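Residue-level structure breakdown
Below are the chains, spelled out letter by letter.
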Amino acid sequence: MRWVARAIGLVAAGCWAVPLGAGLVMGDAAAVSGEGIALSGLILFTVLGLVIAWRNEHAGGTIVVAGALALSVFAYLTAGHNKALAVLVSGVPFLVSGVLFLASSRRRRDRGA
């Protein structure tokens, strides 16, 4: 379960790294707008949670879930027409990863490992 959480988190982080990195390299004006800065901050916060979850599943999973929920709310509020798709693409992969980290942490604790 832990490895599935890691894989999903890595794929989600990688999918966000491409547009964020391209926006920074190309000097995209949208990347430095208030909305772009907020989005970048939320993604960095969530990715930080993924990094922490590799060592401490409970703490990192909690951060990832909080970041995923914040990303989902942000996507819902800023999306134009298709709000459900925006939430599904931005927050849900991180949310699944975070919940799996928390479940793995609980499973380890219950086994006494």
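The numbering scheme is per chain: residues are counted from 1 as the chain's sequence reads. Only residues with pLDDT of 70 or above have their local features reported here, since the model is predicted, and side-chain atom pairs are shown and tallied only from 80 upward, although totals for entire chains, interfaces and linings are computed over all residues. To obtain the side-chain values, all non-hydrogen atoms of the structure were included, while hydrogens and water were left out.

1. Observations regarding a nonpolar patch on the surface
Only residues whose relative accessible area exceeds 30% and that form no salt bridge are eligible for patches; like-charged ones are grouped when within 9 Å, while nonpolar side chains (Val, Leu, Ile, Met, Phe, Trp, Tyr) are grouped when within 5 Å. Under the convention used here, a 1.4 Å probe and the Shrake-Rupley method define accessible areas, while residue burial counts only the protein chains that appear. One speaks of a salt bridge when a side-chain nitrogen belonging to Lys or Arg is within 4 Å of a carboxyl oxygen belonging to Asp or Glu. On the surface, Trp-3, Leu-10 and Trp-54 cluster together into a nonpolar patch covering about 360 Å² of accessible area. With respect to the secondary-structure elements, Trp-3 resides in helix 1 (residues 2-26). Each helix is a run of H or I in the DSSP string that is no shorter than four residues. Each strand is a run of E no shorter than two, and both are numbered from the N terminus.

2. Overview of the pattern of salt bridges
For the structure shown, the criterion picks out 2 salt bridges. In this structure, Glu-57 engages Arg-2 in a salt bridge whose closest nitrogen and oxygen atoms are separated by 3.1 Å. With Glu-57 in helix 3 (residues 57-78) and Arg-2 in helix 1, this pair connects stretches of sequence that are 55 residues apart. The buried label goes to any residue with under 20% of its type's maximum accessible area, the exposed label to any with over 50%, and the partly exposed label to all in between, with areas taken from a 1.4 Å probe on protein chains only. For Glu-57, a relative accessible area of 8% puts it in the buried group.

3. Here we look at the environment of Ala-5
Mapped onto the fold, Ala-5 is located in helix 1. It is 5.4 Å that separates the C-alpha atoms of Ala-5 and Leu-100, two residues lying 95 residues apart in sequence. Throughout, a residue-residue contact means that at least one pair of heavy atoms, one from each residue, lies within 4.5 Å. Excluding residues within four positions of it along the chain, Ala-5 makes contact with Ser-97, Leu-100 and Phe-101.

4. Some points on the side chain of Ser-90
Looking at where Ser-90 falls in the secondary structure, it is placed in helix 4 (residues 83-90). A relative accessible area of 5% means that Ser-90 is categorised as buried. For Ser-90, the side chain forms a polar contact with the main-chain oxygen of Ala-86, separated by 2.7 Å. Discounting residues that sit within four places of it in the chain, Ser-90 has contacts with Trp-16, Leu-71 and Ala-75. Here a polar contact means two N or O atoms within 3.5 Å. Within protein one must be a hydrogen donor candidate and the other an acceptor candidate, and residues neighboring in sequence count only if both atoms are side-chain atoms.

5. Thoughts on the nonpolar core
Side-chain atoms within 4.5 Å link the members of a nonpolar core, which is a set of buried Ala, Val, Leu, Ile, Met, Phe, Trp, Tyr and Cys residues. Core analysis: the largest hydrophobic core is formed by 14 residues, its most contacted members being Leu-50, Leu-71, Phe-94 and Phe-101. Counting only elements with at least two residues in this core, the list comes to helix 1, helix 2 (34-53), helix 3 and helix 5 (92-111).

6. Some details on the side chain of Ser-105
For Ser-105, the location among the structural elements is in helix 5. The buried category is assigned to Ser-105, whose relative accessible area is 16%. Ignoring any residue separated from it by four or fewer positions in sequence, one finds Ser-105 in contact with Glu-57 and His-58.

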